[in-house]
Amino acid sequence: MNLHSLAIKCVDFELFLLDQTKLPHQEIWEKITTLPQMIAAIKELKVRGAPLIGVSAALFLAVMAKEGASFETLKKAAQELFQARPTAVNLMWAMDRMILKSVPKTSAELIKEAEMIFHEDVRLCLAMTKHGADFIHDGDGILTHCNTGGLATAGIGTALGVIRKAHEQGKKIHVYVDETRPLLQGGRLTAFECEKLKIPYTLICDNMAAVLMAAGKIHKAFVGADRVAANGDFANKIGTYNVAVLCHYHGLPFYPVAPYSTIDPQCASGKLIPIEMREENEVRGAKGSFGEVVWAPKNARGFNPAFDVTPATLITSFIFDHGVFNQAQLRMGAHLKS
Ligand code: MRU
């Protein structure tokens, strides 16, 4: 098995993850050999982004299968991986598809399924970006939040993939990158990807978008998703809801972008999406390749939900691999694949 994306590689059944907590200053590939190591990598966001945590967990199961793990052991591993993070449904989707809700598979079939999940994610990204780039025009100032590019998927990304596609089509665009407190996926990761891809961008703190909208610099926003409910509400990185509200106030289009694997048809509305709560520490300071800083009083209480829910009523259109759905269509569940 030889697979390679921006943030994961699987070479002769050895799985390596690019440690995203160390980006952009250090590019360290960590070899993942044990289940606790894989689960920790997901929890600590060494590997992150809704599609990529599903893909990487599936590949890890394939590595275990190749090493001769029994079906029972693999099933137990899938159950543990399933619970590593609660919000992004792609992880559960991948574990269900591999083992938990599938007919029993041989090792060879599990390996094949994991490869298919990887390649499918690459194709889904291309489909989303093709649909989404039509909504971007010359001269656009685009706001994005968190990281939704090659570091978050096996392919070129969701929202950032759309932006990349428009850039590659020669459209003159400028991207405003929310730094995305508290873990700085925008400031560290989206900025890193924009640099590599030579996409013109300006990094902003999360509280600066409104002033840029009022000044006419931002014309639309593209964001990713971690779980889309049956009524079109969706969870994404904390702060996405703020972006949606700001777009609404300023009359600007707001486009979430996601593959079908992010849709949870069993979840009737955004109110039912489980939201990951993370350590208060992450709000009191920051850590990364630059070291660790704590700026708050050491006993300061911190509120740290990793995601928020944006109601479908704030969406202009939702861009999926299988099509683009406006608010009325979302409300009718037209985005749900049969
Ligand atoms: O906590 P993270 O970094 O895994 O959160 C990622 C996001 O919220 C992304 O916007 C989402 O997963 C879509 S990635 C294509």
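Reading the values: rules and limits
Residues numbered from 1 in each chain as written. Predicted model: local features only at pLDDT ≥ 70, side-chain atom pairs only at ≥ 80, totals over all residues. Heavy atoms only, no water. Salt bridge = Lys/Arg side-chain N within 4 Å of Asp/Glu carboxyl O. Helix = DSSP H or I, 4+ residues; strand = E, 2+ residues; numbered from the N terminus. Buried < 20%, exposed > 50% of the residue type's maximum accessible area, 1.4 Å probe, protein only. Near = heavy atom within 4 Å. Polar contact = N/O pair within 3.5 Å; in protein donor to acceptor, adjacent residues only side chain to side chain. Areas by Shrake-Rupley, 256 points an atom, 1.4 Å probe, with all protein chains shown as cover. Nonpolar A, V, L, I, M, F, W, Y, C, P; charged D, E, K, R; others polar. Phe/Tyr/Trp six-rings, centres within 6.5 Å; stacked < 30°, edge-to-face > 60°. Lys NZ or Arg CZ within 6 Å of the ring centre and 35° of its normal. Pairing = 2+ DSSP bridges. Axes fitted to C-alpha atoms, helices over the stretch in contact; angles between N-to-C directions. Contact = heavy atoms within 4.5 Å.

1. Details of the pattern of salt bridges
Between side chains of opposite charge, pairing is possible as soon as their charged atoms come close.
Logical step 1: Using the criterion set out here, one finds 17 salt bridges in the structure.
Logical step 2: Between arginine 227 and aspartate 264 there is a salt bridge whose closest N-O contact spans 2.6 Å. Separated by 37 residues along the polypeptide, arginine 227 in strand E9 (residues 227-228) and aspartate 264 in the loop between strand E11 (254-258) and helix H10 (281-284) bring together distant segments of the chain.
Logical step 3: We classify arginine 227 as buried; its relative accessible area is 7%.
Logical step 4: Between glutamate 282 and arginine 278 there is a salt bridge, and its shortest N-O distance comes to 3.0 Å. Just as glutamate 282 is buried, arginine 278 falls in that class too.
Logical step 5: One connected set of salt bridges, linked through shared partners, spans Arg85, Glu276, Arg278 and Glu282.

2. Here we look at the site of the ligand
Logical step 1: Surveying the vicinity of the ligand reveals 18 residues, the closest of which are Arg48, Ala50, Asp226, Asn236 and Lys237.
Logical step 2: Here an oxygen atom of the ligand and a backbone polar atom of alanine 50 are 2.8 Å apart.
Logical step 3: For the ligand, the protein covers 100% of the area, taking 410 Å² as the surface of the free molecule.
Logical step 4: Elements with a contribution of two residues or more to the shell around the ligand: helix H2 (50-66) and strand E10 (234-237).
Logical step 5: Per-class residue counts for the shell around the ligand are seven nonpolar, seven polar and four charged.

3. Thoughts on the packing of aromatic side chains
Logical step 1: Under the defined criterion, the tally for this structure stands at seven aromatic pairs.
Logical step 2: Relative to tyrosine 260, the ring of tryptophan 93 has its centre 5.8 Å away and its plane inclined at 85°; by these criteria the two rings are edge-to-face. Here tryptophan 93 is found in helix H4 (residues 89-100), whereas its partner tyrosine 260 is found in the loop between E11 and H10, with 167 residues between them in sequence.
Logical step 3: Grouped by ring-pair contacts, the aromatic residues Phe234, Phe254, Phe318, Phe320 and Phe325 constitute a single cluster.
Logical step 4: A cation sits over an aromatic face here: lysine 9 above tryptophan 29, 4.3 Å from the ring centre.
Logical step 5: For the cation-ring pair, lysine 237 lies above phenylalanine 307, with the distance from its terminal atom to the ring centre recorded as 4.3 Å.

4. Remarks on the sheet that holds strand E15 (residues 317-320)
Logical step 1: Read across the sheet, seven strands follow the order E7-E6-E5-E8-E11-E15-E16 without closing on themselves; strand pairing throughout is mixed. At either margin of the open sheet sits one strand with a lone partner, and together these are strand E7 (201-204) and strand E16 (323-326). Direction aside, the axes of adjacent strands within the sheet are offset by 25° on average.
Logical step 2: Bridge count for strand E6 (residues 174-178) against E7 is four bridges, and the pairing is parallel. Residue tyrosine 176 lies in a different strand from E7, and its bridge partner there is threonine 202.
Logical step 3: Across the sheet, helix H5 (residues 107-133) touches strand E8 (220-223), E11, E15 and E16, and the angle it forms with E15 is around 145°.
Logical step 4: The strands touched by helix H9 (residues 240-250) are strand E5 (141-144), E6, E8 and E11; relative to E11, the strand with the most contacts, the crossing angle is about 145°.

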